[in-house]
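Architecture at a glance
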Amino acid sequence: MTMNFFRGVMGGQPAGPQPTGAETIHKLCDRVASSTLLEDRRDAVRALKSLSKKYRLEVGTQAMDHLVHILQTDRSDSEILGYALDTLYNIICNDEEEEQDESEDENAQKQEEDLGVLFTDKFLGDSENVTLLLTLLEEFDFHVRWPGVKLLTALLKNQCNQVQGVILVSPMGVSRLMDLLADSREVIRNDGLLLLQQLTKGNAAIQKIVAFENAFERLLDIITEEGSSDGGIVVEDCLLLLVNLLKNNSSNQNFFKEGSYIQRMKPWFEVGDDNSGWSAQKVTNLHLMLQLVRVMVSPVNSPGATSSCQKSMYQCGLLQQLCTILMATGVPADILTETINTVSEVIRGSQINQDYFASVNAPSNPPRPAIVVLLMSMVNERQPFVLRCAVLYCFQCFLYKNQKGQGEIVATLLPSTIDANSISAGQLLCGGLFSADSLSNWCAAVALAHALQDNLTQKEQLLRVQLATSLGKPPVSLLQQCTNILSQGDKINRRGSKVQTRVGLLMLLCTWISNCPIAVTHFLHNQENVPFLTGQISENLGEDERLVQGLCALLLGICIYYNDNSLENYTKEKLKQLIEKRIGKENFVEKLGFVTKHELYSRAAQKPQPVFPSPEQMLFDHEFTKLVKELEGVITKAVHKTSEEEKKEEEVKKTLEQHDSIVIQYKDLIRDQDTQIQELREQVSTLSLNSEQMQNQITQQQSQIQQHKDQYNILKLKLGKDSQGLSSSHGEGAHVNGLHSEELSQLREEVEELRRQHTLQHTQLSDKDSLINTLRCGAAAAAQTAEGGAGGSDNTELLGEVESLRSRVQAQCAEISQLQTERLELIRRAEAVSSAPASSSESSADTVTVSELESRLAAQTTEAERLKEECRGLREGHAGLEQQLASAQSTVAIEQTEKTKLQQEVQESKKEQDDLLMLLADQDQKILNLKQRLRDLGETIDEDEDEIDARDQFGEDDDDDDDEEEDEENND
């Protein structure tokens, strides 16, 4: 029966009527749900897979839950898992090829897409299904991993945000997907790239996780293995993924730069000399590589990050390699255009890169600067429109915040620097400015305006340029020639071209004379210019001419706002009266508003790069939109002001200028005093350091005193032991049985020797006594002169110990006196013995007494020598200590004197600074009152100046607080 069922499913000839597709799918779903044998379930799932494309709706509606259950329960069988994943992929994925073959109209195609989204939502109804799918991707089996990757990619295509959210919170979810890049099977690795492309779209958190999973290293390795720009579709997929990770993600951009991955991009652009036969894939790859470079240096990035990347690209030689492609031959036009745009953003705002680009020469004979070669393409109407736009963008980026480059461009127009034998950038710009091609007129005018952007010096220098219009006629200035062409615009045949040319010239004139009173005077000096502008503004022209009217109003408003009243006929007041009579103030403001209300104005204001669908829409420049935004409001206010308000404003401005000059003087004075105070602080710091060094020396001296003290203690212990030895030896005796006359003579000689030794010991004791007195006086003087209490305490203790030693010596002296008395008694008894023989017992006692005296005298002599040496050492140590203490006392006195002087100087400086601050406070109050009067009169006060003044005031207060704290510390 089972075989008959599968024959019916697989196309056999069963008996009875044929079942419908829905019935067959229903039976297969029952089989999947109820079969206990794995083989039966596997066969049923295989059958569902074969029917999933033809009966997509039925399979998706009935079998999805059963298929998910198979993924949960039959994890041990890779074959049934593969069938289930393939079936889910077929019902969720919108097969584009199938749509192209079978869908006959857009409604059918839309229905197929809605069906994929419907089943995706059903699958994502339980977020655990995505977690289950991530777990299955850990299976190494090809039949499980590959369909799992394709299924997850299809889910991301249909419901990207929802799937991203589940993967983001899944533990190790992104890490499991990153492991696909390390798979040795290229099919899985390549489909893993497509999966990561979908995963990283528009989700900065996932982009950061992928980047920190070492994605940059792996992707760059794959690009290198696949042949870089000569590689296939895999290289393209890697580059697309890199763009996803880096675009608008400052964290990943910084990680890419810090990881030195910019240096690894340089070999991508090493093209050979033979550039013929570029394949479509190579063009695509190189285009994406250039886009990747632009992502790192895009103007929308933070200035600091962009500048850092620009510096790295110059240091590693990437910019040099791009310039090589720029000047190479045989490069496809779209690659050349994108290379020009890339070089533009690499050099934009980077002085080092701009200087290098100015030094690049084209490989021609003779060599020409790359800037000149590019400008030749820009003013050549036969070149593609996108290429001309790219060259203009490159020229703008070269001049962006580059006053040196602006000066070099303007210098090529000045009479003293023109070389008739070579083509310069200035000649090309003038040629384009006055050519018959309106697009060349517009591009040259905008390029020349960028050479004057925010550069007053070059605006004045350009007034010197003289042009020879025709033979026999005097030369005219460039400013006059621009206004002549502007007023004679009806000579141009095409109406659209006429508007484009006039818009370009008007933008150049507005940029030129803005914030340059001298240029305004030159412009007004021509008697025809003001009537022409008022005539253009007052006319009722068509829709196309409204923009020209608005720009004419802007130009006339600039002539009013930046007018220095040097021309009597065209002062501010007379120009405003002319507007009121000929145009009307309200009408003038309305015409001025035509500029910002134009539909192309907002598009040009979005980004610096000039991107236009067609040449006819090329009307506004990005930097010019900033100028219009800045001037529109101030011109409107200037036109509405009365003469009285003008006079009051001038008076207030003069007063403010005077007060500002006074404030600047006081600020300079305060800065000088701050500098002096800082120098004094440094001197105090130096003296404090010297004081610390002296303190360290005193500490060292105290340690030396402690060492001497320890040595003295050791000597004292030794002396105590010797005294004990002497007392223990007293009382010992020796019995002698007889004393002969020869021995008595010998005793007399020894007594004489003892007498001489006694005299010597008296002399030594006298020296020792005088030395002890000297040490006592020196220690007392050192105790009085030392500043610290620690040193005085040590000397007092040492003095007490010396007194103890002296008392011991006096005791020994008394003992010696006793010995002397005993010696005299012995002499007397010896003389008695010599006159009458004594008994043997008395002689024996005398002999014992003499021996005892001899031993005691020898011990006393040795001890006296030792004490003499110790006293000599102590005397030398104390002499050195006295010298060191005297030196330290002198240094401390000098430092105390200098410190007192510095404190007095700081107090005087503080007093002077307080006086100055009081003056400044009065001046600031006057300025605030004047500014308040200006506000009452309707004048706009620049808030930046208020913030700067407030910041200066706060800074001065902080300095005062610091000085007060320092004074308090010094007083303490």
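One numbering rule holds for all chains: residues counted from 1, following each sequence as written. For this predicted model, a pLDDT threshold of at least 70 governs which residues receive local features, and a threshold of 80 or more governs which side-chain atom pairs are given and counted, while totals over whole chains, interfaces and linings are taken from all residues. Note that the side-chain values use all heavy atoms of the structure and ignore hydrogens as well as water.

So, the overall build of the protein
For clarity, the threshold we go by: The helix and strand labels rest on DSSP assignments: H or I over at least four residues marks a helix, E over at least two residues marks a strand, and numbering proceeds from the N terminus. Exposure is judged per residue with a 1.4 Å probe applied to protein chains only, and the accessible area is read against the type maximum: over 50% gives exposed, under 20% gives buried, and values in between give partly exposed. Any pair of residues with heavy atoms lying within 4.5 Å of one another is described as a contacting pair.
Looking only at helices and strands, one finds 42 helices and 4 strands in the protein. When burial is assessed residue by residue, the protein has 46% of its 972 residues classed as buried. Sequence separation of 24 or more characterises 74% of the internal contacts of the protein that already satisfy a separation of 6 or more.

Quick look at the packing of helix α4 (residues 56-73) against helix α5 (residues 78-92)
Each pair of packed helices can be described by the angle between their axes along with the distance between the axes. Worth spelling out the cut-off: Here, axes are lines fitted to C-alpha atoms. For helices the fit covers the stretch in contact, and angles between N-to-C directions go from 0 to 180 degrees. Crossings are sorted by hand: turned counterclockwise from the far helix by less than a right angle, the near helix makes the crossing left-handed, and turned clockwise it makes it right-handed. In this classification, the charged set is Asp, Glu, Lys and Arg, the nonpolar set is Ala, Val, Leu, Ile, Met, Phe, Trp, Tyr, Cys and Pro, and all remaining amino acids, among them Gly, are polar.
Packing of α4 against α5 leaves a shortest axis separation of 9 Å and a crossing angle of 145 degrees. The way α4 lies across α5 gives a crossing that is left-handed. Contacts between α4 and α5 involve R56, V59, G60, M64, L67, I70 and L71 on the former and, on the latter, I80, L81, A84, L85, T87, L88, N90, I91 and I92. A per-class count over the contact of α4 with α5 returns 12 nonpolar, 3 polar and 1 charged.

Focus: the pattern of salt bridges
Heads up, the condition is: Between Lys or Arg on one side and Asp or Glu on the other, a salt bridge is scored when a side-chain nitrogen of the former is within 4 Å of a carboxyl oxygen of the latter.
All told, the structure shown has 22 salt bridges when counted by the stated rule. Of the charged contacts, one joins R185 and D183 as a salt bridge, the two residues approaching to 3.0 Å between their closest N and O atoms. The pair R185 / D183 is uniform in exposure class, with both members buried. Where salt bridges share partners, they join R42, D43, R46, D77 and E79 into one cluster.

What about the nonpolar core?
Applicable threshold: Each nonpolar core is a collection of buried residues, namely Ala, Val, Leu, Ile, Met, Phe, Trp, Tyr and Cys, held together in the definition by side-chain atoms within 4.5 Å.
In this structure, L152, L177, W268, F269, F357 and W512 are the most contacted members of the largest nonpolar core, which totals 208 residues. Examining the composition of this core, we find that 12 residues originate from one element, helix α23 (residues 385-399), more than from any other. Within the second largest apolar cluster, 10 residues are counted, among which are L656, L920, I927 and L934.

Here we look at the state of the cysteines
Inclusion rule: To count as a disulfide, a pair of cysteine sulfur atoms needs to be within 2.5 Å.
Per the stated rule, a full pass over the model turns up 0 disulfides. Of the cysteine sulfurs around C552, a residue in no disulfide, the closest is that of C510, at 8.4 Å. The class of C552 is buried, set by a relative accessible area of 0%.

Describing the packing of helix α34 (residues 585-592) against helix α37 (residues 622-640)
Stated formally: Orientation labels follow simple angle bins: below 35 degrees gives roughly parallel, above 145 gives roughly antiparallel, 65 to 115 gives roughly perpendicular, and whatever is left gives oblique.
Between α34 and α37, the least distance of the axes is 10 Å, while the angle of their chain directions is 170 degrees. As summarised for this structure, α34 and α37 are arranged roughly antiparallel, according to the angle between their axes. Of the residues in α37, those in contact with K585, E586, F588, V589 and L592 of α34 are E632, I635, T636, V639 and H640. Tallied by class, residues from the contact of α34 with α37 come to 5 nonpolar, 2 polar and 3 charged.

Comments concerning the side chain of N529
Here N529 lies in helix α31 (residues 529-538). If sequence neighbours within four positions are ignored, N529 has contacts with T483 and F523.

Considerations on the packing of aromatic side chains
Using the following cut-off: Any pair of Phe, Tyr and Trp rings, taking the six-membered ring for Trp, is counted once the centres come within 6.5 Å. Such a pair is stacked with planes under 30 degrees apart, edge-to-face with planes over 60 apart, and tilted for the rest.
A full pass over the atoms with the stated rule returns 11 aromatic pairs. Relative to F256, the ring of F216 lies with its centre 5.1 Å away and its plane at 90 degrees, an arrangement referred to as edge-to-face. Here the residue F216 occupies a position in helix α14 (residues 215-225), and F256 occupies one in helix α16 (residues 250-258), the gap between them amounting to 40 residues. The exposure class of F216 is buried, given its relative accessible area of 1%. For the ring pair W442 and F612, a centre distance of 6.2 Å and an interplane angle of 85 degrees mean the geometry is edge-to-face. Taken together, the positions of W442 in helix α26 (residues 438-452) and F612 in the loop between α36 (599-604) and α37 put the pair 170 residues apart, joining distant regions of the chain. Like F612, W442 is buried. Through pairs of rings, three or more aromatic residues link up here, namely F212, F216, F255, F256 and Y261.

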